[in-house]
Amino acid sequence: MTPVTVSIAASLASIILLVIVFELIRSRRLRERYALLWLLTGVVLLVLSAWRDGLNTIARWVGVQTYPPAVLFAVGSLFILAVLLHYSTVISKLSDQSSILAQRVALLETRLNENGSR
Amino acid sequence: MSSLRRIAIVPALNEEGAIGRVVDEIRAYDPGLEIVVIDDGSVDSTTDVAREHGAHVLRLPFNLGIGGSVQTGFRYAYENGFELAVRADGDGQHDPAQLGAVLEPVLRGEVDIAVGSRYLERREGYRSSVTRRIGIRLLARIVSALTRQRITDPTSGFQALNRKAITLFAADYPHDYPEVEALVMVIRHRLRLKEVPVSMRPRAAGRSSIRTLSSVYYMVKVLLALFVGSFRRNVVPLEEK
């Protein structure tokens, strides 16, 4: 069985994560688009932490006999992987866009200079 | 119709089939209306077609999404001193013949922003698919509650704005799918807003930028933004130069 203190601590941690994400969106330091995966992570972890029977049941399903909170770690790690992967795609898109911008600026600068010297 | 400097802001993404007619129809409605088409990273000849039909074209180097491209238009209007702006979409859904209905309340000085609504009156014309209308209804309820004003078509992009509203949107405009959040923003900044009945047409060509999977994202994102936004203080709009 999951110790009660572990459930309480894990629930608190999830709530803190959710509050931080909320505050980051509110103060416009995090766009809604990039917050969704974090919010999903927080909600899933909160549900698994607070819903003790659920955690025990899932632990049994996946063959965790001795210590159900291990499932929390596993789920948390999976979500962190998902967030990291998502951000890798975001970074790739950003770097594509910044090279397009650099090229456009260079082309514009040349056009301006060549027009000016005529 | 008036001596105000006025501009039509037309966002377009891969609309080479429709954009020419949209530009022509806007010009036919009011030759004194300047037209700026914002090409949001199209891979077809949207920019060329719009230029051939005599519009100013702002070609974005890559896709910014509807929010980013429409705001580009508001910035253009703001920096070039326009006093009146209308937004009409480049897919031809917004019938330029009905621009008058949207412009009228703003021209009279009655409101700062007027929004064309498909659902304010029972009318013929395009009313969107059933699933979308359910979503629009839900958003309308929420926005009406948040603004304490009856809103029937919260996703409508068929709008007319005065200088005050242009200034606000040039300074701050929501990302991605902006219309719903923008309504709440407008009311929170104490601008006067009114819906006017219009009918819309089905799109002339091309396809909507909002498809099935992204409509799920649309709802989640907009609901989240509305929720978080209601805990946000106002941003100070740009000062007039």
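This report concerns the structure included in the present document. (Residues numbered from 1 in each chain as written. Chains lettered and ligands numbered in written order. Predicted model: local features only at pLDDT ≥ 70, side-chain atom pairs only at ≥ 80, totals over all residues.)

All right, on to the overall build of chain B then. Check the secondary structure of chain B and you find 8 helices and 7 strands. The principal-axis extent of the C-alpha atoms belonging to chain B is close to 45 × 40 × 35 Å. Scored against the burial criterion, the 241 residues of chain B give a buried share of 45%. Contacts spanning at least 24 positions in sequence make up 77% of the contacts within chain B whose residues lie at least 6 apart. (Helix = DSSP H or I, 4+ residues; strand = E, 2+ residues; numbered from the N terminus. Buried ≥ 20, exposed ≤ 12 C-beta atoms within 10 Å, placed from the backbone. Contact = placed C-beta atoms within 7 Å.)

Before going further, it helps to examine the packing of helix 3 (residues 65–79) of chain B against helix 6 (residues 163–171) of chain B. All names here are of chain B. With their axes 8 Å apart at the nearest point, helix 3 and helix 6 run at an angle of 125° to one another. On the basis of the axis angle, helix 3 is oblique to helix 6. Handedness of the crossing formed by helix 3 with helix 6: left-handed. Residues Gln71, Phe74, Arg75, Ala77 and Tyr78 of helix 3 form the contact with helix 6, whose own contacting residues are Ile166, Thr167, Phe169 and Ala170. Split into classes, the residues belonging to the contact of helix 3 with helix 6 amount to 6 nonpolar, 2 polar and 1 charged. (Axes fitted to C-alpha atoms, helices over the stretch in contact; angles between N-to-C directions. Parallel < 35°, antiparallel > 145°, perpendicular 65-115°, else oblique. Left-handed = near helix turned anticlockwise from the far one by under 90°. Nonpolar A, V, L, I, M, F, W, Y, C, P; charged D, E, K, R; others polar.)

Another aspect to go through is helix 7 (residues 179–188) of chain B. Residues and elements named next belong to chain B. In terms of residue burial, helix 7 counts as a mostly covered element, since 8 of its 10 residues are buried. Within the span of helix 7, buried status applies to Glu179, Val180, Glu181, Ala182, Leu183, Val184, Met185 and Val186. The elements touched by buried residues of helix 7 are strand 5 (113–117), helix 5 (130–147), helix 6, strand 7 (193–197) and helix 8 (212–229). Looking one or two residues beyond helix 7, the residue adopting positive phi is Arg190, at roughly 60°.

Turning our eyes to something else, we now look at the interface of chain A and chain B. Contacts between the two partners involve 11 residues from chain A and, on the opposite side, 11 residues from chain B. At the level of secondary structure, the elements contributing two or more residues to the side of chain A that touches chain B comprise helix 1 (4–26), helix 2 (32–50) and helix 4 (69–117) of chain A. Broken down by element, the side of chain A that touches chain B gets its largest block of residues, 4 residues, from helix 4 of chain A. Taken together, the residues that form the side of chain A that touches chain B break down as 5 nonpolar, 1 polar and 5 charged.

All names here are of chain B. If you check the backbone angles, Asp176 has positive phi at about 55° while not being a glycine. Non-glycine residue Arg190 carries a positive phi angle of around 60°. Mapped onto the elements, Arg190 comes out in the loop between helix 7 and strand 7.

Turning our attention to the packing of helix 2 of chain A against helix 8 of chain B. Between helix 2 of chain A and helix 8 of chain B, the shortest axis-to-axis distance is 10 Å and the interhelical angle comes to 95°. Comparing their axes, helix 8 of chain B and helix 2 of chain A come out roughly perpendicular. Contact with helix 2 of chain A, carried on its side by Glu32, Arg33 and Leu36 of chain A, involves Val220, Lys221, Leu224 and Ala225 of chain B of helix 8 of chain B and no other residues of that element. Residues of the contact of helix 2 of chain A with helix 8 of chain B, tallied by class, amount to 4 nonpolar, no polar and 3 charged.

So, about the pairing of strand 1 (residues 6–12) of chain B. Within a regular strand, the side chains alternate between the two sheet faces. Residue and element names in this part refer to chain B. Burial of strand 1 is extensive: 7 of the 7 residues sit out of reach of the surface. The parallel pair strand 1 and strand 2 (residues 33–39) is bridged by helix 1 (residues 19–29), and the resulting crossover is right-handed. Bridge analysis of strand 1 against strand 4 (residues 84–87) gives 4 bridges, and the strand direction is parallel. Residue pairing across strands places Arg6 opposite Leu84, the latter belonging to strand 4. (Right-handed = clockwise from strand over helix to strand, strands pointing away. Pairing = 2+ DSSP bridges.)

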